[in-house]
Amino acid sequence: MNLLRKLFGFQPTREVDLIRLRDEFGLPKKRDITVDTALGVPPLWRAVNIICEDVSSTPFRVYKTEGEDTRVRAPEHAANPLIHRRAGVTQTARALRETMTLHAIVHGNGYSRIWRDGNAAPKDLELLKPWPHTFPVVEYFGPSRKLYYVTTRYGATGSTLAIPAEDILHIHGLSYDGVQGLSILEVLESAIAGGRATQEYATLYFENGGNVKGYLQMPGNLQPNQQDEIRKNWRRMTSGDDNAHGVALLTGGAEYKQLTSDAEKSQLIDARKFTITDVSNITGVRPHDLGDQSGAAYNSLEWENRSHVDRAIGPWLTRWEDECDDKLLKESEKREDTHRCRFDRDYLIKVGLSEQANADHKYRECGVLTVNEVRRKRNMPSVENGDQRHV
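Just so it is clear, the structure is predicted and the values come from calculations on it, not from any experiment.

*Asks:* Looking at this structure, how should I read empty space enclosed by the protein?
*Replies:* Vacant regions in the atomic arrangement are exposed by a probe of water-molecule size rolled over the atoms. On inspection of all chains with the given rule, the structure shows 2 cavities of 30 Å³ or more. Its volume calculated, the second largest cavity comes out at about 30 Å³. Contributing to the lining of the second largest cavity are L82, I83, A93, L96, R97, L125, L169 and W320. Looking at the lining of the second largest cavity, the elements that each hand over two or more residues are α5 (80-84) and α6 (93-106). Counting residues per element, the lining of the second largest cavity draws most heavily on α6, which supplies 3 residues. Among the residues making up the lining of the second largest cavity, the classes are represented as 7 nonpolar, no polar and 1 charged.

*Asks:* What's the story with the side chain of E333 in this structure? I'm lost.
*Replies:* Of note, E333 is situated in helix α12 (residues 331-335). Buried within the structure, E333 lacks any salt-bridge partner; K330 is the closest side chain of opposite charge, at an N-O distance of 4.9 Å. From its side chain, E333 meets the backbone nitrogen of K330 in a polar contact 3.0 Å long. When neighbours within four sequence positions are excluded, E333 is seen to be in contact with H77, T338 and H339.

*Asks:* Can you help me understand the nonpolar core in this one?
*Replies:* As a rule of thumb, nonpolar side chains are buried together in soluble globular proteins. Within the largest apolar cluster, 46 residues are counted, with the highest numbers of intra-cluster contacts made by L44, L125, W320 and C324. If you tally residues by element for this core, the top one is helix α11 (residues 301-328), at 8 residues. Residue contacts for C324: discarding those within four places in its chain leaves F60, I83, L169, L329 and C341.

*Asks:* So what exactly am I meant to see when it comes to the packing of helix α4 (residues 42-57) against α6 here?
*Replies:* In a packed pair of helices, the relevant descriptors are the angle between the two axes and the axis-to-axis distance. Where α4 meets α6, the closest approach of the two axes is 8 Å, and the angle between their N-to-C directions is 145 degrees. Classified by chirality, the crossing of α6 by α4 is right-handed. Contacts between α4 and α6 pair V48, I51, C52, E53, V55, S56 and S57 from the former with R94, R97, E98, T101, L102 and I105 from the latter. Of the residues belonging to the contact of α4 with α6, the class tally is 6 nonpolar, 3 polar and 4 charged.

*Asks:* What exactly am I supposed to notice about unusual backbone geometry here?
*Replies:* Note: most residues except glycine have negative phi, and most peptide bonds are trans. Between W131 and the following residue, P132, the backbone shows a cis peptide bond with an omega angle of 0 degrees. Of note, A120 is a non-glycine position whose phi angle comes to about 65 degrees, a positive value. Tracing the backbone through its elements, the reader meets A120 in the loop between β4 (109-116) and β5 (122-128). In this structure A120 comes out as partly exposed when scored by relative accessible area, which is 27%.

*Asks:* Is there a simple way to think about the layout of surface pockets in this case?
*Replies:* In this structure, the largest pocket occupies an estimated 1300 Å³ of space. In terms of lining, the largest pocket is formed by 28 residues, of which the most central are D344, D346, Y347, K377 and R378. When contributions to the lining of the largest pocket are tallied by element, the ones reaching two or more residues are β2 (60-65), β3 (71-73), α11, α13 (353-365) and α14 (371-377). Grouping the constituent residues of the lining of the largest pocket by class yields 10 nonpolar, 1 polar and 17 charged.

*Asks:* What should I look at first to understand the packing of aromatic side chains in this one?
*Replies:* For any two aromatic rings, the description comes down to two numbers: the centre-to-centre distance and the angle of the planes. Here the structure, examined in full by the defined rule, presents 2 aromatic pairs. Between F60 and F343, the aromatic rings sit 3.9 Å apart at their centres with planes inclined by 5 degrees, giving stacked as the arrangement. Placement of the pair is F60 in strand β2 and F343 in strand β12 (residues 339-343), with a sequence separation of 283 residues. F60 sits in the buried class, given a relative accessible area of 1%. Residues Y111 and Y149 carry aromatic rings whose centres are separated by 5.7 Å and whose planes lie at 65 degrees to one another, so their mutual orientation is edge-to-face. Of this pair, Y111 sits in strand β4 while Y149 sits in strand β7 (residues 144-152), and the two are 38 residues apart along the sequence. Across the pair, Y149 and Y111 agree in class, each one buried. Between the NZ or CZ atom of R113 and the centre of the ring of W115, over which it lies, the distance is 3.9 Å.

*Asks:* When you look at the pattern of salt bridges in this model, what are you seeing that I'm missing?
*Replies:* Side chains bearing opposite charge may pair, as long as their charged atoms lie close to each other. Inspection of every chain in the model, using the stated rule, returns 11 salt bridges. R71 serves as the salt-bridge partner of D337, at 3.7 Å between the closest nitrogen and oxygen. Of this pair, D337 sits in the loop between α12 and β12 while R71 sits in strand β3, and the two are 266 residues apart along the sequence. For D337, a relative accessible area of 32% translates into the label partly exposed. When the shortest N-O distance is used, the salt bridge between R345 and E321 registers 2.7 Å. Taken as a pair, R345 in the loop between β12 and α13 and E321 in helix α11 lie far apart in primary sequence, 24 residues in all.

*Asks:* Quick question: what am I supposed to make of the pairing of strand β6 (residues 134-141) here?
*Replies:* Relative to β7, β6 runs antiparallel, the two being bridged by 8 bridges. The residue bridging F141 from the neighbouring strand is S144, located in β7. Joining the antiparallel neighbours β6 and β7 is a turn of 2 residues, in which G142 adopts a positive phi near 70 degrees.

How each quantity is defined
Residues numbered from 1 in each chain as written. Predicted model: local features only at pLDDT ≥ 70, side-chain atom pairs only at ≥ 80, totals over all residues. Heavy atoms only, no water. 1 Å grid on protein atoms, 1.4 Å probe; cavity = no way out; pocket = protein on both sides within 12 Å on 5 of 7 lines; lining within 4 Å. Points joined across faces, edges and corners; volume = space filled by probe spheres on them. Helix = DSSP H or I, 4+ residues; strand = E, 2+ residues; numbered from the N terminus. Nonpolar A, V, L, I, M, F, W, Y, C, P; charged D, E, K, R; others polar. Buried < 20%, exposed > 50% of the residue type's maximum accessible area, 1.4 Å probe, protein only. Lys, Arg positive; Asp, Glu negative; His and termini not counted. Salt bridge = Lys/Arg side-chain N within 4 Å of Asp/Glu carboxyl O. Polar contact = N/O pair within 3.5 Å; in protein donor to acceptor, adjacent residues only side chain to side chain. Contact = heavy atoms within 4.5 Å. Core = buried A, V, L, I, M, F, W, Y, C linked by side-chain atoms within 4.5 Å. Axes fitted to C-alpha atoms, helices over the stretch in contact; angles between N-to-C directions. Left-handed = near helix turned anticlockwise from the far one by under 90°. Phe/Tyr/Trp six-rings, centres within 6.5 Å; stacked < 30°, edge-to-face > 60°. Lys NZ or Arg CZ within 6 Å of the ring centre and 35° of its normal. Pairing = 2+ DSSP bridges.

Right, here's the structure in full:
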């Protein structure tokens, strides 16, 4: 099988019986909270956007070891264009990372199929639909075991394929078994549902002009048609933005009885802040990035950005690096540690212009950077004698 694969790029996939897999291994349970309803909570939508955009926009390349602990870019490596420019026929590398990270955050797992050439080198990455269309399965054969991924083939046939683990790029979040990530839709269903309910309540509250609820007390007994007419007239006088601060006229001995209070007293504002805190705890994104400025502190822009990278973005970058190292590099490259897939984390560390200029000056003075290296960081052309290091 390995010889055929090396010579002809043969993909050792096989069709499997999805019904049998469902009976033997089981599929993830149906969720009450869907992706649409979860991402309908504005703080969660913002947090997911921040993580996906940062992961996708950070430069990602293959590096090669030269000399003692010196790494340089390896643009000639087969995996470099897949992770740096275009992942395949249908998507750029950035779009693929953004979408797979979204799948991994929301569903717990993001998948892409690795297509290889005759030398088993990666040549294309095909995005696969997440749960329930794709999921991992571990089969045991006595003392040994085999990991493969089951995915539903696109098209009218609807057949299901089992693809070896080495041909699937799998990005997952926190996991119980180290194989399949946990979905925030499933684990944090109550918290997301609470945020969704708060948003719906606020929408209904302000659709009614922010008016408090109550009842009209009328003298005597009224017929059903009279009750309907009074209720209709009252709704017309008090509902909507145009009537939010108007004056209602009561006649015939009618008296209005208030039942609830305003938004502040009903803790509506605090509840919406609590939703932001929940989402921040779920995703690691700072609350002031989600709209809550009550605890924001901007003493150091660089420190704020480093904290964001370390807490929210760094773990996802590491997952991408480890998975690409394992699936896109040759066995000899991994064994001899000659190549690595690495993000440029400094890209995410934004500093002020004065701090940036001061750092470049110090790096040049101590010989770490040359004049041309500093200029290239600013997308400026090289100058004559600019490659000499300062001594």
